[in-house]
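Coordinate analysis (summary)
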Amino acid sequence: MSELMYGSTRGNGGKVTASQAILKGLAEDGGLYVPEKLPKLSVSFEELAGLSYQETAYVVMKQFLTDFTEEELRSCIARAYDDKFDTEEIVPIKEAAGVYYLELFHGATIAFKDMALSILPHLMVTAAKKNQVRNEIVVLTATSGDTGKAALAGFADVPGTRIIVFYPKDGVSPIQEKQMVTQKGKNTFVVGIHGNFDDAQNGVKKIFRDKELSEELKEHGFQFSSANSINIGRLVPQVVYYAYAYGQLLKKGAVSSGEEINVTVPTGNFGNILAAYYAKLLGVPIGKLICASNENKVLYDFFNTGAYDRNRKFILTSSPSMDILISSNLERLVYKIAGDDAVKDASLMKELSEKGRYEITDEMRKELADFYGAFADEKETAAEIKNLYEKTGYVIDTHTAVASCVYGKYRAETGDGKKALIASTASPYKFTRSVMKAIDEKYNDMEDFALVDVLSQISGVPVPPAIEEIRTAPVLHKTVCEASAMKDIVKQFLEI
Ligand SMILES: *Cc1c(COP(=O)(O)O)cnc(C)c1O
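The model shown is predicted, which means the values in this text are computed figures rather than measured ones. (Residues numbered from 1 in each chain as written. Predicted model: local features only at pLDDT ≥ 70, side-chain atom pairs only at ≥ 80, totals over all residues. Heavy atoms only, no water.)

Our focus in this paragraph is the UniProt feature "domain: Threonine synthase N-terminal" (unreviewed entry) in the protein. Under the UniProt annotation, "domain: Threonine synthase N-terminal" (unreviewed entry) lies at residues 6-81. Here residues 6-81 runs as 46% helix and 8% strand, with 26 Å between its end C-alpha atoms. (UniProt positions renumbered as here; feature names shortened; annotations may be inferred. Helix = DSSP H or I, 4+ residues; strand = E, 2+ residues; numbered from the N terminus.)

This is the structure we're talking about:
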């Protein structure tokens, strides 16, 4: 098989192998790496139905990461998807009210980011070895809450790596913050910034583009990489669970072979839903890709008008991991619907960075027929949690509730009765306060960890170890800075 190469969505920076793309994170021209050609699944649906999660991961990932040997890939997979997950299935599917919830939150930090971030460190260290990289890899990450902890857990004490995480000081849930600032591991560093997620993400992007800093780093034996969802080493492992979910639905007899399902994804940076789209292109029978937004509904507007416009008020919602106005991974879709036209993509992204807005052509809009965008406001999200709980006893988190509510709107509007899979992206325990308050206002007076115990009683789901751990864990990271000081903070941590 010939090697699958990756190029930048903005056209410059040449072609690189998968392992090089994983090491670099972002292409040098500021674009994102995309495969030259999207691969196809090499197994039948019936075969898929017989595979474990780890085996599915191998058959999917080998199509994308062609310069990894079988042994390398299988070893990365085995180290990632092990008993860090609290269930052998890795991603169980729960049926409630006639809808299938794909629970992507059974890893170390109880949010779906674990799906990719438990394997990324292994892919990165393997990629470094393959490319004779001797520098220590410094992973730089901006987080809206969940990536940070999942990346810290993934990289903590992995030899040859360091990790620095920036999060918006007042933009994450108390449990999210506690999870991050209690992180152990000598190679970890967590910093709160005064600003929102976009400020943190822009700060990180600026540091990546800083040529002078990159030279300085090299002199001291370091090089940057990214654990953000723009890295193909995160995107590719996320394609896996859509293939696996389809196999499991087939195995259960919930669908017949080849029968299309609709997939709804609670969306922020557009990574998870892009993975679902790649799964569809890979050959997994997916009908509509339903993009669910919270009140920061940039993507809803994009799908409905063709204009992407970040010039609006940033709203803090109860689904903070979706509080995003610049969905970085959307660039990969824009590139695709432009007919793999890097010049077009680069000019739209230039407009976005200069004016905060761009508009796609009618031709490009036609290519979006597989997508449907809608949003749920705060009231609707809370009502979705309460209604589903009262009807079925199943408790979902705020992000999943946005998706669940949006799916209901889609179904009502279109009458499309295809089987529905909802990406369930966080454990309700990660957002206990919002979840319990949605179920009954009276819980609002209770203290965080007391609420955790009530949630366990009403849902019948035991408190996950990830939550037990932070009840008493000491705070180890106390640095807070302005967004403008991020570069200095990085230099300080690396002592350069
Ligand atoms: C990150 C995250 C999302 C958004 O996923 P994207 O890939 O950024 O679109 C949704 N829900 C939860 C719980 C998350 O952590």
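Still more ground to cover, so stick around.
Moving on to the packing of helix α3 (residues 53-64) against helix α4 (residues 70-80). For the pair α3 and α4, interaxial distance at closest approach is 10 Å and the crossing angle is 135 degrees. Regarding the angle of α3 to α4, the classification is oblique. Crossing handedness for the pair α3 and α4: right-handed. On the side of α3, the interface is formed by Gln 54, Ala 57, Tyr 58, Met 61 and Lys 62, while α4 contributes Glu 70, Leu 73, Arg 74 and Ile 77. Within the contact of α3 with α4, the residues separate by chemical class into 5 nonpolar, 1 polar and 3 charged. (Axes fitted to C-alpha atoms, helices over the stretch in contact; angles between N-to-C directions. Parallel < 35°, antiparallel > 145°, perpendicular 65-115°, else oblique. Left-handed = near helix turned anticlockwise from the far one by under 90°. Contact = heavy atoms within 4.5 Å. Nonpolar A, V, L, I, M, F, W, Y, C, P; charged D, E, K, R; others polar.)

This next bit is on the sheet that holds strand β9 (residues 261-266). Spatial ordering of the open sheet is given by β3-β4-β14-β9-β10-β13, a layout of 6 strands whose pairing is mixed. Of all the strands in the sheet, just β3 (93-96) and β13 (371-375) have a single pairing partner and so form its edges. Strand-to-strand twist of the sheet, defined as the mean angle between neighbouring strand axes without regard to direction, takes the value 25 degrees. Relative to strand β10 (residues 286-293), β9 runs parallel, the two being bridged by 5 bridges. Opposite Val 263, over in β10, you have Leu 289 as the bridge partner. (Pairing = 2+ DSSP bridges.)

So, about helix α6 (residues 120-130). Every α-helix carries 3.6 residues per turn, so stepping three or four residues along brings you back to the same face. Counting buried positions over the 11 residues of α6 gives 8, a clear majority of the element. All buried positions along α6 are accounted for by Leu 120, Pro 121, His 122, Leu 123, Met 124, Thr 126, Ala 127 and Ala 128. Looking one or two residues past α6, Gln 132 carries a phi angle of roughly 50 degrees, positive in sign. (Buried < 20%, exposed > 50% of the residue type's maximum accessible area, 1.4 Å probe, protein only.)

Right, let's get into the layout of surface pockets. Any empty space left between the atoms is revealed when a probe the size of a water molecule rolls over them. There is about 1100 Å³ of room inside the largest pocket. As for the largest pocket, its lining consists of 37 residues, of which Leu 26, Ala 27, Lys 205, Phe 208 and Arg 209 are closest to the centre. Sorting the residues of the lining of the largest pocket by element identifies α1 (18-24), α9 (197-209), α10 (211-219), β8 (222-226), α14 (330-337) and α15 (342-355) as the ones contributing at least two each. Counting residues per element, the lining of the largest pocket draws most heavily on α9, which supplies 6 residues. Taken as a whole, the second largest pocket encloses approximately 570 Å³ of empty space. Lining the second largest pocket are 29 residues, with Ala 108, Lys 149, Ala 153, Ala 466 and Glu 469 positioned closest to its centre. Sorting the residues of the lining of the second largest pocket by element identifies α5 (113-117), α6, α7 (146-155) and α21 (465-470) as the ones contributing at least two each. (1 Å grid on protein atoms, 1.4 Å probe; cavity = no way out; pocket = protein on both sides within 12 Å on 5 of 7 lines; lining within 4 Å. Points joined across faces, edges and corners; volume = space filled by probe spheres on them.)

Tallied over the entire structure, the rule returns 19 aromatic pairs. Where Tyr 53 meets Tyr 244, the ring centres are 5.0 Å apart and the plane angle is 75 degrees; that geometry is what we call edge-to-face. Here Tyr 53 is found in helix α3, whereas its partner Tyr 244 is found in helix α11 (residues 232-252), with 191 residues between them in sequence. A relative accessible area of 1% means that Tyr 53 is categorised as buried. An aromatic cluster of at least three residues, connected via ring pairs, comprises Phe 270, Tyr 277, Phe 302, Phe 303, Tyr 308, Tyr 358 and Phe 371. Over the face of the ring belonging to Tyr 58 we find Arg 74, whose NZ or CZ atom lies 3.9 Å from the ring centre. (Phe/Tyr/Trp six-rings, centres within 6.5 Å; stacked < 30°, edge-to-face > 60°. Lys NZ or Arg CZ within 6 Å of the ring centre and 35° of its normal.)

Read from one edge to the other, the open sheet built from 5 strands follows the order β8-β5-β6-β7-β15, with strand pairing classed as parallel. Of all strands in the sheet, those with a lone pairing partner are β8 and β15 (479-482), marking the two edges. On average, adjacent strands in this sheet sit at an angle of 30 degrees to one another, irrespective of strand direction. Two elements, strand β7 (residues 188-194) and β15, share 4 bridges in a ladder whose sense is parallel. Within β15, the residue paired with His 194 across the bridge is Glu 482.

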